Amino acid sequence: MKILITGANGMLAKSVTNKLSNYEPVCTDVRELDITDKDAVMNKIIEIKPEYIINCAAYTAVDKAEEEYDLAYKINSIGPKNLAIASKETGAVLIHISTDYVFGGNLSLDKSYVEEDSKYPVTVYGKTKLSGEEEIVKNADKYYIFRTAWLYGDGNNFVRTMLKLGSSKDEISVVSDQYGSPTNADDLANVILQTIEKKIPFGVYHTTNLGFTTWYEFAKKIFELSNISCKVNPVTTDEYIKMMNIVQAKRPHNSKLSKDKILKEGINIPSWKESLKRYLKEECS
Ligand SMILES: NC(=O)c1ccc[n+]([C@@H]2O[C@H](COP(=O)([O-])OP(=O)(O)OC[C@H]3O[C@@H](n4cnc5c(N)ncnc54)[C@H](OP(=O)(O)O)[C@@H]3O)[C@@H](O)[C@H]2O)c1
């Protein structure tokens, strides 16, 4: 079976490529396939004739996007549109990755977002990712959209940042008023593999590791599991922005995504704590 993976150098793409290695995926980085180039996308998909296209390419710089709307829109909306049109033309299934940022993040904390909840993205990144989802729904026949959050894997990510800070500082401050689920990229890749093997119904699914936490609790768990003695101080998002003297795009207060829909399909997803343990074992060995 032929599988085309875009954005090959990205964090998730590396996990997906490893996880699907038995299928010998064709991996393309931006130089081999720029997803914003409509003709190049169509030609590549006609040439390769994949059964599945997994779009791991994206503009992911959340803060920079506030200044680069056009580029973010091109990559996060026009790119998926091109892939959707080509997938429909060739009969391929399109697997696309989206984000908790399509929601406003103001949902009451005793609730988690379900797939159909109203979308109120408040950042350029979130707006362009939502637009990408809409283009896929409009232009593709057979698609999966997996909304994920707080991804870590083989690339710059929160866990690696904490490990670096924890071994060079006695104490750090971490935001304690944003809630979500850390997600190991290998587990998301495994969800994609299970989706292909089980052929679950097409549609939109929320996919993060199970369980919810805050960045503060996440950092504490990273240190606890790595035997790092650095003290973690909880701060609010506003306090953190003042303390660091930074300007950043608005972060969602509530990023909790309900996984009920995908779990009902029999897809296996580990808890965030279990996955973090596994990641740290590999990362620190
Ligand atoms: N990271 C997270 O916490 C997170 C959270 C929620 C959702 N997501 C979503 O998960 C997916 C994977 O994220 P990630 O963290 O793996 O992203 P990533 O590491 O930033 O990888 C994205 C890749 O896309 C490539 N790319 C950019 N423009 C392209 C284009 N026009 N054509 C082809 N490739 C292009 C990039 O190449 P260059 O590096 O050369 O630019 C990069 O290798 C994205 O859809 C993202 O929105 C991520």
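Residues numbered from 1 in each chain as written. Predicted model: local features only at pLDDT ≥ 70, side-chain atom pairs only at ≥ 80, totals over all residues.

Asker: If you had to explain the site of the ligand to someone new, which residues and values would you point to?
Answerer: For the ligand, the set of nearby residues contains 24 residues, the closest of which are Gly-7, Gly-10, Leu-12, Ala-57 and Ala-58. Listed by contribution, the elements that provide at least two residues to the shell around the ligand are α1 (11-19), α3 (69-90) and β4 (93-99). A class-by-class count of the residues in the shell around the ligand yields 12 nonpolar, 10 polar and two charged. (Near = placed C-beta within 6 Å. Helix = DSSP H or I, 4+ residues; strand = E, 2+ residues; numbered from the N terminus. Nonpolar A, V, L, I, M, F, W, Y, C, P; charged D, E, K, R; others polar.)

Asker: How would you sum up the sheet that holds strand β1 (residues 3-6)? Please name residues and give values.
Answerer: Spatial strand order, β2-β1-β3-β4-β5-β10: six strands in an open sheet with parallel pairing. Every other strand in the sheet has two partners, leaving β2 (26-28) and β10 (203-206) as the edge strands with one partner each. Pairwise comparison of adjacent strand axes, ignoring direction, gives a mean angle of 20° for this sheet. Pairing geometry for β1 and strand β3 (residues 52-55), over four bridges, is parallel. Counted as the bridge partner of Leu-4 is Ile-53 from β3. Against the sheet, helix α4 (residues 124-139) contacts β4 and β5 (143-148), and its axis sits at roughly 160° relative to β4. (Pairing = 2+ DSSP bridges. Axes fitted to C-alpha atoms, helices over the stretch in contact; angles between N-to-C directions. Contact = placed C-beta atoms within 7 Å.)

Asker: So, the pairing of β4: which residues are in play, and what are the values?
Answerer: Among the seven residues of β4, seven are classified as buried, and the element is accordingly described as predominantly covered. The side-chain alternation of β4 yields two buried faces, one formed by Val-93, Ile-95, Ile-97 and Thr-99 and the other by Leu-94, His-96 and Ser-98. In this sheet, β4 lies alongside β3 in parallel orientation, the contact comprising four bridges. Within β4, the residue paired with Ile-53 across the bridge is Leu-94. Handedness of the β3-α3-β4 crossover: right-handed. (Buried ≥ 20, exposed ≤ 12 C-beta atoms within 10 Å, placed from the backbone. Right-handed = clockwise from strand over helix to strand, strands pointing away.)

Asker: Tell me about unusual backbone geometry, residues and numbers included.
Answerer: Backbone geometry places Asn-227, a non-glycine residue, at a positive phi of 55°. Relative to the assigned elements, Asn-227 resides in the loop between α7 (215-225) and β12 (231-235). For Asn-227, a count of 8 C-beta atoms within 10 Å corresponds to the exposed category. A positive phi angle is found at Asn-245, which is not glycine, with a value near 55°.

Asker: Got a sec to walk through the pairing of β1? Specific residues and values, please.
Answerer: Alternating residues of β1 divide into Ile-3 and Ile-5 and Leu-4 and Thr-6, and every residue in both groups is buried. Note: β1 against β2, three bridges, orientation parallel. Directly across from Ile-5, in β2, lies its bridge partner Cys-27. Where the polypeptide runs from β1 across α1 and back to β2, its parallel neighbour, the crossover connection is right-handed.

Asker: I'd like a description of helix α5 (residues 158-166), backed by residues and values.
Answerer: For α5, the full list of buried residues reads Val-159, Met-162 and Gly-166. For α5, the angular spread of the buried residues around the axis is 60°, confining them to a single face. If you follow the buried residues of α5, they end up packed against β6 (151-152), α7 and α10 (272-283). (Arc of directions from axis to C-beta.)

None of the figures reported here should be taken as evidence of function without further support.
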